[in-house]
Protein chains: 2
Amino acid sequence: MKLEKKEIAELGKLARVQLATSLPGVKPICLVGSQSNTGLTNLAPFSSITHLGSSPMLIGMVTRPASVERHTLNNILETGVWTLNHVHEEIMAQAHQCSARYEVSEFEATGLREVYVDGIEAPFVEEARVRYALELREVMDIKVNDTKLIIGEVIYIETYDAFLLPDGGLDLVQAGSLGSTALDTYFDINQCGKFDYAKPEKEPS
Amino acid sequence: MKLEKKEIAELGKLARVQLATSLPGVKPICLVGSQSNTGLTNLAPFSSITHLGSSPMLIGMVTRPASVERHTLNNILETGVWTLNHVHEEIMAQAHQCSARYEVSEFEATGLREVYVDGIEAPFVEEARVRYALELREVMDIKVNDTKLIIGEVIYIETYDAFLLPDGGLDLVQAGSLGSTALDTYFDINQCGKFDYAKPEKEPS
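Residues numbered from 1 in each chain as written. Chains lettered and ligands numbered in written order. Predicted model: local features only at pLDDT ≥ 70, side-chain atom pairs only at ≥ 80, totals over all residues. Heavy atoms only, no water.

Q: What is the right way to look at the relation of the copies chain A and chain B in this model?
A: Put simply, the second copy of the chain is the first one after a rotation about an axis and a shift along it. Once chain A is rotated about the relating axis by 180° and shifted along it by 0.0 Å, it coincides with chain B to within an RMSD of 0.0 Å. What we have between these two chains is a two-fold relation. Taken together, the interface assignments show that 100% of the residues at the interface of chain A recur at the interface of chain B, consistent with an identical surface on both copies. (Least-squares fit on C-alpha atoms with pLDDT ≥ 70 in both. Contact = heavy atoms within 4.5 Å.)

Q: Just to check I follow, could you spell out the side chain of glutamine 35 of chain B for this structure?
A: Residues and elements named next belong to chain B. One can find glutamine 35 in strand 3 (residues 30–35). Within the local environment of glutamine 35, its side chain forms a polar contact with the backbone oxygen of glutamate 121, the two atoms lying 3.5 Å apart. For glutamine 35, the residues in contact, after removing those within four places along its chain, are Leu40, Thr41, Asn75, Thr79, Tyr116, Glu121, Ala122 and Pro123. (Helix = DSSP H or I, 4+ residues; strand = E, 2+ residues; numbered from the N terminus. Polar contact = N/O pair within 3.5 Å; in protein donor to acceptor, adjacent residues only side chain to side chain.)

Q: Looking at this model, I keep getting lost on the interface of chain A and chain B. Mind explaining?
A: Tallying the contact residues gives 97 residues for chain A and 97 residues for chain B. Interface of chain A and chain B: buried area, both sides summed, is about 8500 Å²; carbon and sulfur atoms make up 64% of it. Sorting the residues of chain A by area buried against chain B places Met1, Leu23 and Phe195 of chain A first, and these three jointly supply 9% of that buried surface. Where chain A meets chain B, there are two salt bridges. Where lysine 5 of chain A meets glutamate 135 of chain B, a salt bridge forms, and the shortest distance between an N and an O atom there is 3.6 Å. Seen at the junction of chain A and chain B, the total is 38 residue pairs in polar contact (both at pLDDT 80 or more). Examined bridge by bridge, strand 13 (residues 185–194) of chain A and strand 13 (residues 185–194) of chain B share nine bridges and lie antiparallel to one another. Each bridged residue has a counterpart across the sheet, and for asparagine 190 of chain A the counterpart in strand 13 of chain B is aspartate 188 of chain B. (Buried area = accessible area lost by both parts, 1.4 Å probe. Salt bridge = Lys/Arg side-chain N within 4 Å of Asp/Glu carboxyl O. Pairing = 2+ DSSP bridges.)

Q: Sorry if this is basic, but what is going on with the state of the cysteines here?
A: One way to say it: the disulfide is the covalent bond shared by the sulfur atoms of two cysteines. Evaluated as defined, the whole model comprises zero disulfides over all chains. Just so you know, cysteine 98 of chain A is unpaired, no disulfide at all, and the nearest cysteine sulfur is the one on cysteine 30 of chain A, 13 Å from it. On the basis of relative accessibility, which here comes to 0%, the residue cysteine 98 of chain A falls in the buried class. Considering cysteine sulfurs only, cysteine 30 of chain A is the nearest to cysteine 192 of chain B, which forms no disulfide, with 14 Å between them. A residue is classified by how much of its surface remains accessible, and cysteine 192 of chain B, at 18% relative accessible area, is buried. (Disulfide = S-S within 2.5 Å. Buried < 20%, exposed > 50% of the residue type's maximum accessible area, 1.4 Å probe, protein only.)

Q: Would you explain the confidence of the model for chain A in this entry?
A: Low-confidence regions, as indicated by low pLDDT, have predicted coordinates that should not be scrutinised in detail. Scored by pLDDT, chain A comes out at a mean of 95, with 98% of its residues at no less than 70. As scored by the predictor, the complex reaches a pTM of 0.96 and an ipTM of 0.95. (pLDDT = per-residue confidence, 0-100.)

Q: Which parts of the structure should I look at to understand the pairing of strand 7 (residues 81–86) of chain B?
A: Two faces, one strand: in a regular strand the side chains alternate between the faces of the sheet. Residues and elements named next belong to chain B. With six of six residues buried, strand 7 is to be regarded as a mostly interior element. Judged by which residues are buried, strand 7 turns out to be covered on both faces: Val81, Thr83 and Asn85 on one side and Trp82, Leu84 and His86 on the other are all buried. Judged from the four bridges that link them, strand 3 and strand 7 form a sheet pairing that is antiparallel. Counted as the bridge partner of cysteine 30 is histidine 86 from strand 7. Across five bridges, strand 7 lies against strand 10 (residues 130–142) in antiparallel orientation. Paired with threonine 83 across the two strands is alanine 133, which belongs to strand 10.

Q: How do you make sense of the packing of aromatic side chains when you look at a structure like this?
A: Any aromatic ring pair is given by two values, namely how distant the centres are and how the planes are angled relative to each other. By the definition in use, this model includes six aromatic pairs over all chains. Relative to tyrosine 186 of chain B, the ring of phenylalanine 195 of chain A has its centre 5.6 Å away and its plane inclined at 80°; by these criteria the two rings are edge-to-face. With phenylalanine 195 of chain A in the segment after strand 13 and tyrosine 186 of chain B in strand 13, this pair bridges two chains. Accessibility expressed as a relative area gives 13% for phenylalanine 195 of chain A, which makes it buried. Judged by centre distance (5.6 Å) and plane angle (80°), the ring pair of tyrosine 160 of chain B and phenylalanine 163 of chain B falls under edge-to-face. Given the relative accessible area of 11%, phenylalanine 163 of chain B is considered buried. (Phe/Tyr/Trp six-rings, centres within 6.5 Å; stacked < 30°, edge-to-face > 60°.)

Q: How do you make sense of empty space enclosed by the protein when you look at a structure like this?
A: One simple way to see leftover space: roll a probe sized like a water molecule over the atoms. All told, the structure shown has three cavities of 30 Å³ or more when counted by the stated rule. The computed volume of the largest cavity comes to approximately 70 Å³. As for the largest cavity, its lining consists of Ser48, Ile49, Thr50, Gly60, Met61, Val62 and Leu149 of chain A together with Ser48, Ile49, Thr50, Val62 and Leu149 of chain B. Among the elements of the structure, strand 5 (49–54) and strand 6 (57–63) of chain A together with strand 5 (49–54) of chain B are those that each provide at least two residues to the lining of the largest cavity. Counting residues per element, the lining of the largest cavity draws most heavily on strand 6 of chain A, which supplies three residues. Looking at the lining of the largest cavity, its residues break down into seven nonpolar, five polar and no charged. Computed from the structure, the second largest cavity encloses a volume of approximately 50 Å³. Counted by class, the lining of the second largest cavity contains three nonpolar, five polar and three charged residues. (1 Å grid on protein atoms, 1.4 Å probe; cavity = no way out; pocket = protein on both sides within 12 Å on 5 of 7 lines; lining within 4 Å. Points joined across faces, edges and corners; volume = space filled by probe spheres on them. Nonpolar A, V, L, I, M, F, W, Y, C, P; charged D, E, K, R; others polar.)

Pasting the structure below:
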């Protein structure tokens, strides 16, 4: 299949959305926990999450203003803090259900349990095996299509010791962290390769 | 394990990088193909790739200026166009090797083959099963840590008919598209769930 610009523009709306969201490849899937100034909690699935830097430790995520993610953005602007909670297979169906447009808290609607850490005004998902909190650093407007890049600094990380690798990274396979695409399809992962730092004069190993 | 802000800051450099890059969860892995105005081609592995919108079809990727990715950014600024090529297991070792700091083209160094499409001044990877081209729309400075978000519009897509799903998306499992973390670890994926559009009054299905 070959699609040129004109043919891409002529795709039906659903097909264009499904194709566009799957073009990057497999993406992460996390539940974003936040709460409003009045204490109403919110959970929303996000997959546009990316590492921006390690010192300070910065994470960015993209949000569309005119969607269910609006609550998340409003809450982050109000309290300046949010959590990211890795989705694993046992909470996959509940995590997916958090994309519905609820009037009540998604914790209440899905039965996922909220848990708090002193000094952090955002709920964590108790069932998550990897969870962390971010403090708002910047919201950048992406003018070409009215989306926003929300940038936060990691201020707290919680996981099981068993999921820490000797080099300091997370063992995403052991943690059961899922991948996703198009906000409807979920993948489990298996390691198929790990390589040393690449150098020009050296074969890959 | 629980890490607070102070403990995160005290991590050694390598551990902090590995932890930060694995926090988002599994990410895509694509080879970015570009060429300079003088015709020197370049291939670089990128995992910070995200969907920004479907109409127009926009993809964003994050680049760090002071790295091997510098060639990619310079080329994109010079020619205004680049390609993204999904990495699969058979080209994984060569793709990883593209992160080495070569003076010559990574095509020449790794043996991956370049292929061109009329009117697109950037090389595609012939071995890739999903590949597409982007035209530069905007480069946004992320001031908090001197990275950049490069935004492009999809102007060409090429894959096999067998990898197209009935809804218009890509079958990433059949295409063998890999995930990655920390630019050293690669994952193959298996579908473990696919759900309907979530509605408040409806059980997940």
